Amino acid sequence: MTAGGVTADADPARTGGPSDVAGLRRLAVDTLDANWEHDHTVPSRTLYPHQWSWDSAFIAIGLAQIRPERAWRELASLFRAQWADGRVPHIVFNPALRVGAYFPGPEMWRSADAEGAPTVATSGLVQPPVHALAAWLAYRRSPGQAGLAALRRLYPALVAQQRYLADRRDVAADGLVCIVHPWESGLDNSPAWDEPMAAVGAEAAVMRAYRRHDTTHADAAHRPTDLDYARYLAIVAAYSDHGYSDRDLVNSHPFLVECPLFNAAFGAAEHALAEIAALVGTDPGPHRVRAARVTEALLRRLYDPSTGTFQPRDLRTDRLVGARTVLGLTPLILPDLPARHAAALVVEARSARFGVARGMDRPLPTYDRTAPDFEPLRYWRGPSWLNIGWLVRRGLLAHGHPELAAGLRRSMIGLVAGAGCHEYFHPDTGAGLGSPAFSWTAALLLDLLAE
């Protein structure tokens, strides 16, 4: 069997030919260089012409391997768009691009009308806070005085990002962060959001008034539906009409969900900040205390003992969502996850739903591949993404499963060796899907190759 066109038991980084280390590394470097835009990297030159938040974090990890000064510029440029309340917007718009270059563009977000927004146009949403982890790893990949100085400058902004999430987004006052839009999860149209999204009032027909750019660059069958988009825009309107204020969300906002990945990243950020704090001469103790509280809250609120995995909680119904998605595996990145819970997640990862193994015959999907509504071509409803595999692999290593981590690494490298640096990949064949020359795929490939 093959994974991404490469024999499952072979390490594509050592097989020679077009998939050797030098060739793959050159492909990744060329991709990142081509996507560099004066002080940041665009995710792709086709569909994503602006700066995206968690993309920049993953990209910085890879840039640290080849252009460490760019890694720090990447993060610094993103945090220059940080709002006064500490939120880091999920899109920072390039003012040099024409109106209509991306949908929904700055004219729909209207960030300039919101209190505390930066001078540059941004969205009002956030994304998983993987930035402190990225900053710590970027320093570890390329330590030195320049990196230490960059960490020292970035540390207060990273702390402010965490403070915003803890103070403004703990809607249920239970120690977890609530996302207010599926886009904040990073897994835009995951089946995890089907139940809470069904309660959002919208009609697909409203999309006739807009021109979607995503379906001009990819097959519509691979992208969220018009009904999905109508609901996305309805949620954006609800939030922007209130000036992106997080006050009284519980009584006014149509989508409120506690996400396992977002909160795992929130906890992992505190662990990373503890390491950074010790390095820059600040007390790491409060970060470790907060990290422990996040893990405890995740276990209490989102762990489902009947399935042995973590599930999102819809705050509108106060129920766990039943869909078995890869979100449930991501708390493995927490180093203080108790051993029995980590073991249960490994069982889930190795099951037929996800197929993580020493010799993987298919890539890691984003959704239970045994589910009747598994869609191998549609965005986050089945396809394989390198950033999610990278996170799960990191968790497997943290909890003592190097052989499974090695199998996942081989599978991910094999995807790029077989199809190039695509945005995502077919979860059965490994064929490249979405945007070509995708930046975080290239960046995380560099990180995988370095190990």
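So, how was this worked out
Residues numbered from 1 in each chain as written. Predicted model: local features only at pLDDT ≥ 70, side-chain atom pairs only at ≥ 80, totals over all residues. Heavy atoms only, no water. UniProt positions renumbered as here; feature names shortened; annotations may be inferred. Helix = DSSP H or I, 4+ residues; strand = E, 2+ residues; numbered from the N terminus. Rg over C-alpha atoms; globule rule 2.2 N^0.38 Å. Buried < 20%, exposed > 50% of the residue type's maximum accessible area, 1.4 Å probe, protein only. Contact = heavy atoms within 4.5 Å. Pairing = 2+ DSSP bridges. Phe/Tyr/Trp six-rings, centres within 6.5 Å; stacked < 30°, edge-to-face > 60°. Lys NZ or Arg CZ within 6 Å of the ring centre and 35° of its normal. Polar contact = N/O pair within 3.5 Å; in protein donor to acceptor, adjacent residues only side chain to side chain. Salt bridge = Lys/Arg side-chain N within 4 Å of Asp/Glu carboxyl O. Axes fitted to C-alpha atoms, helices over the stretch in contact; angles between N-to-C directions. Parallel < 35°, antiparallel > 145°, perpendicular 65-115°, else oblique. Left-handed = near helix turned anticlockwise from the far one by under 90°. Nonpolar A, V, L, I, M, F, W, Y, C, P; charged D, E, K, R; others polar. Core = buried A, V, L, I, M, F, W, Y, C linked by side-chain atoms within 4.5 Å. Expected span 1.5 Å × (residues − 1).

A UniProt comment under Sequence similarities (unreviewed entry) is attached to the chain, and it reads "Belongs to the glycosyl hydrolase 63 family."

J.: Explain the overall build of the chain to me, and be specific about the residues and the numbers.
T.: Counting its regular elements, the chain contains 17 helices and 14 strands. For 451 residues, the compact-globule estimate of 2.2 N^0.38 gives 22 Å, and the chain sits close to it at 20 Å. Counting only C-alpha atoms and orienting by the principal axes, one finds that the chain spans roughly 55 × 55 × 50 Å. For the chain, the residues scored as buried account for 62% of the 451 residues in total. Taking all contacts inside the chain whose residues are at least 6 apart in sequence as the whole, residues at least 24 apart take part in 71%.

J.: Residues and numbers for the sheet that holds strand β11 (residues 313–314), please.
T.: Reading across the sheet, the 4 strands line up as β7-β8-β11-β12 and stay open at both edges, with antiparallel pairing between neighbours. For this open sheet the edge positions go to β7 (178–179) and β12 (319–320), each flanked by a neighbour on one side alone. By the bridge criterion, 2 bridges tie β7 to strand β8 (residues 257–258) in an arrangement that is antiparallel. In the sheet register, Cys178 faces β8, and the bridge partner there is Glu258.

J.: Requested: an account of the packing of aromatic side chains, with residues and values cited.
T.: Enumeration over the complete set of coordinates arrives at 24 aromatic pairs. Measuring from ring centre to ring centre gives 6.2 Å for Trp136 and Tyr139, while their planes differ by 20 degrees; the resulting arrangement is stacked. In this pair, Trp136 and Tyr139 both sit in helix α5 (residues 131–141), 3 residues apart, roughly one turn of the helix. Trp136 gets classed as buried once you look at its relative accessible area, which sits at 13%. Classification of Tyr139 by relative accessible area gives buried; the value is 14%. Connected via pairs of aromatic rings, a cluster forms that spans Tyr48, Trp52, Trp54, Phe58, Tyr102, Tyr379, Trp380, Trp385, Trp390, Tyr424, Phe438 and Trp440. A cation over an aromatic ring shows up here: Arg87 above the ring of Trp83, its NZ or CZ 4.6 Å from the ring centre.

J.: Describe the environment of Gln51, and please don't skip the residues or the numbers.
T.: You can see Gln51 is positioned in strand β5 (residues 51–52). Apart from residues lying up to four places away in sequence, Gln51 is in contact with His40, Ser56, Glu74, Ser77, Leu78, His90, Ile91 and Val92. Side-chain polar atoms of Gln51 contact the side chain of Ser77, separated by 3.1 Å.

J.: Describe the pattern of salt bridges, naming the residues involved and giving the relevant values.
T.: All chains considered together, the criterion is met by 27 salt bridges. In this structure, Arg80 and Asp39 form a salt bridge, with 2.9 Å as the shortest nitrogen-oxygen distance. Taken together, the residues span a long stretch of sequence, with Arg80 in the loop between α3 (68–79) and β6 (91–92) and Asp39 in the loop between β3 (36–37) and β4 (40–41) at a distance of 41 residues. Take Arg80: its relative accessible area is 55%, and that puts it in the exposed class.

J.: Lay out the packing of helix α15 (residues 386–398) against helix α16 (residues 402–419) in plain terms, naming residues and giving numbers.
T.: In helix packing, the relevant descriptors are the interaxial angle and the interaxial distance, both defined with respect to the helix axes. It is at 8 Å that the axes of α15 and α16 come closest, and there the two elements cross at 160 degrees. Considering their axes alone, α15 and α16 lie roughly antiparallel with respect to each other. Along this stretch, α15 crosses α16, giving a crossing that reads as left-handed. Residue-level contacts link Leu386, Gly389, Trp390, Val392, Arg393, Leu396 and Leu397 of α15 to Pro402, Leu404, Ala405, Leu408, Arg409, Met412, Leu415 and Val416 of α16. Its residues placed into classes, the contact of α15 with α16 shows 12 nonpolar, 1 polar and 2 charged.

J.: Explain the packing of α16 against helix α17 (residues 439–450) to me, using residue names and the numbers behind them.
T.: Packing of α16 against α17 leaves a shortest axis separation of 10 Å and a crossing angle of 135 degrees. With respect to each other, α16 and α17 are oriented oblique. Two packed elements cross with a definite hand, and for α16 against α17 that hand is left-handed. Contacts between α16 and α17 pair Arg409, Met412, Ile413 and Val416 from the former with Thr441, Leu445, Leu448 and Leu449 from the latter. Here the contact of α16 with α17 is built from residues that sort into 6 nonpolar, 1 polar and 1 charged.

J.: Talk me through the environment of Gly243; I want residue IDs and the actual numbers.
T.: Summarising the element assignment, Gly243 is placed in the loop between α10 (226–240) and α11 (249–252). Taking relative accessible area as the criterion, Gly243 reaches 29% and is therefore assigned partly exposed. Residues Gly243 and Ala117, spaced 126 residues apart in sequence, show a C-alpha to C-alpha distance of 9.9 Å.

J.: Give me the lowdown on the nonpolar core, citing residues and values where you can.
T.: Within the largest apolar cluster, 142 residues are counted, with the highest numbers of intra-cluster contacts made by Phe58, Trp72, Trp193, Ile276, Ile388 and Leu396. Tallying contributions element by element places helix α12 (residues 260–280) first for this core, with 12 residues. Among all residues touching Trp72, those that are not within four sequence positions of it are Ala135, Ala138, Tyr139, Gly147, Ala150, Leu151 and Leu154. By size, the runner-up hydrophobic cluster in this structure holds 5 residues, among which are Ala323, Tyr367, Ala371 and Phe374.

J.: Which residues make up α5, and what values go with them?
T.: Of all 11 residues in α5, 9 are buried, a share of seventy percent or more. The set of residues buried in α5 consists of His131, Ala132, Leu133, Ala134, Ala135, Trp136, Leu137, Ala138 and Tyr139. Packed against the buried residues of α5 are α2 (53–66), α3, α6 (145–168), α12 and α15.

J.: Explain helix α14 (residues 339–350) residue by residue, including any values.
T.: The first and last C-alpha atoms of α14 sit 16 Å apart over 12 residues, in line with the 16 Å expected at 1.5 Å per residue. Listed in full, the buried residues belonging to α14 are His341, Ala342, Ala344, Leu345, Val346, Glu348 and Ala349. Turning to α14, the residues buried within the fold contact α13 (285–301), β9 (303–304), β10 (309–310), α15 and α16.

J.: Provide a residue-level description of the side chain of His341, including the pertinent values.
T.: For His341, the position within the fold is in helix α14. In this structure His341 comes out as buried when scored by relative accessible area, which is 7%. The contact partners of His341, leaving out residues within four places of it in the chain, are Leu299 and Tyr303.

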